[in-house]
Amino acid sequence: MIVTKLNGGLGNQMFQYALGRALSEKLGTELQLDTSGYATTVPGETPRHYELGCFKMTPEISDASIIPHPISKQRALLQKIGIGTTPSQLTPVHENGFAFDPAILNSPDHSYLVGYWQSEKYFKQVREQLLKDFVLKNKPNAANAATLAKITENESVSIHVRRGDYITNSSANQFHGLSPLEYYRQSIKLIVPKLKNPHFFIFSDDPQWCQENLETGYPTTYVTNNDGDTGYEDMRLMSACDHHIIANSSFSWWGAWLNPKPNKIVLAPARWFNDADTDTRDIYAEGWIKV
């Protein structure tokens, strides 16, 4: 089996699942998910929970007893002489840096994946399978169905503005930073000449700020149907749009990646993290435009 450790919100969990799915398909073995990290909240971090249950696929959740954990030298010695918990049969495979590591795709059966794996290079080979796995199991409610119809009837462009914990959580703000308003203005200016009659659909955890500060100059719908508990509905709506202006966020990354249209235009912030020295070249999917 392949076991992948989940952490973070929906977008991060999708990346972690995707690599696990790619490896399990390659090896012809089962995939299990370790959700044990959600049992506790780390001080200073945004509280998270398991969110993949919104999709049709139903992966197995691993039993805690098979998960490898760091052990002390004393405990390791006791285990060696037959006292204490039996060591896990899984081999930890840790992410070393943010850039794509091709060696990860050669991980053997019984690997325990620990990382974020934020690059399509880890799972592009199973894209068609992932498009099936990441289908929501419930139909949209009336409000979302109406927005979905509006999206499909127009030359639609999703804009995602991530604020929320990127502002309120000091560690998240320090690490991620915000995509500045100028990024969105520049992206709108770049994409408009490529389209005939664009209609922008703005998704944000701070819609009031967007309405007060983000003006497109074209027909615009501010999508306010969903809250934090139903954010996956926003991802469904985003992925139905023709084109995308994403934030430095794994959530809107997936909203754009799940769009199956071959001629889609995706604009993404050239600076993904506050730390300009972090190698983020592999986070951008093929054909995406950095602004």
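Residues numbered from 1 in each chain as written. Predicted model: local features only at pLDDT ≥ 70, side-chain atom pairs only at ≥ 80, totals over all residues. Heavy atoms only, no water.

S.K.: I would appreciate a short explanation of the environment of Tyr-184 in the present structure.
M.R.: If you trace the backbone, Tyr-184 turns up in helix H7 (residues 181-191). Once the C-alpha coordinates of Tyr-184 and Val-291 are considered, the two residues, 107 residues apart in sequence, prove to be 9.0 Å apart. Contacts of Tyr-184, omitting those with residues within four sequence positions, involve Ile-159, His-160, Val-161, Arg-162, Ser-179, Leu-214, Ile-245 and Ala-247. (Helix = DSSP H or I, 4+ residues; strand = E, 2+ residues; numbered from the N terminus. Contact = heavy atoms within 4.5 Å.)

S.K.: In this structure, what is going on with the pairing of strand E2 (residues 31-34)? I would like to understand it.
M.R.: Here E2 shows a buried face lined by Leu-31 and Leu-33 and a second buried face lined by Gln-32 and Asp-34. Summarising the sheet, strand E1 (residues 2-5) and E2 pair through 4 bridges and their orientation is parallel. Directly across from Lys-5, in E2, lies its bridge partner Asp-34. Once you follow E1 into helix H1 (residues 10-27) and on to E2, the crossover reads as right-handed. In this structure, E2 lies alongside strand E3 (residues 60-61), joined through 2 bridges in parallel fashion. (Buried < 20%, exposed > 50% of the residue type's maximum accessible area, 1.4 Å probe, protein only. Pairing = 2+ DSSP bridges. Right-handed = clockwise from strand over helix to strand, strands pointing away.)

S.K.: How do you make sense of the sheet that holds strand E10 (residues 266-268) when you look at a structure like this?
M.R.: Backbone-to-backbone hydrogen bonds pair the strands of a sheet. The strands run either parallel or antiparallel. Pairing is parallel across the open sheet formed by 6 strands, whose spatial order is E8-E7-E6-E9-E10-E11. In this open sheet, the two strands that pair with only one neighbour each are strand E8 (220-223) and strand E11 (289-290). One ladder, built from 7 bridges, connects strand E6 (residues 155-161) with strand E7 (residues 198-204); its direction is parallel. The residue of E7 that forms the bridge with Val-161 is Ser-204. Helix H4 (residues 142-153) contacts E6, E7 and E8 of the sheet and is inclined by roughly 145° relative to E7. (Axes fitted to C-alpha atoms, helices over the stretch in contact; angles between N-to-C directions.)

S.K.: Honestly, the sheet that holds E2 in this entry has me stumped. Any pointers?
M.R.: In spatial order, the strands read E3-E2-E1-E5-E4; together these 5 strands make up an open sheet with parallel pairing. At either margin of the open sheet sits one strand with a lone partner, and together these are E3 and strand E4 (91-94). In terms of strand pairing, E1 meets strand E5 (residues 111-114) through 2 bridges, oriented parallel. Bridge pairing in E5 links Val-3 to Tyr-112. On top of the sheet, H1 reaches E1, E2 and E5; it is set at about 170° to E1, its chief contact.

S.K.: Explanation requested: the packing of helix H9 (residues 231-240) against helix H10 (residues 250-257) in the structure shown.
M.R.: For any two helices packed against each other, one specifies the crossing angle of their axes together with the interaxial distance. One way to put it is that H9 packs onto H10 with a least axis distance of 7 Å and a crossing angle of 40°. By the criterion of interaxial angle, the relationship of H9 to H10 is oblique. When the axes of H9 and H10 are compared, the crossing they make is right-handed. Contacts from Gly-231, Asp-234, Met-235, Met-238 and Ser-239 in H9 reach Phe-251, Ser-252, Trp-254 and Gly-255 in H10. Tallied by class, the residues present in the contact of H9 with H10 amount to 4 nonpolar, 4 polar and 1 charged. (Parallel < 35°, antiparallel > 145°, perpendicular 65-115°, else oblique. Left-handed = near helix turned anticlockwise from the far one by under 90°. Nonpolar A, V, L, I, M, F, W, Y, C, P; charged D, E, K, R; others polar.)

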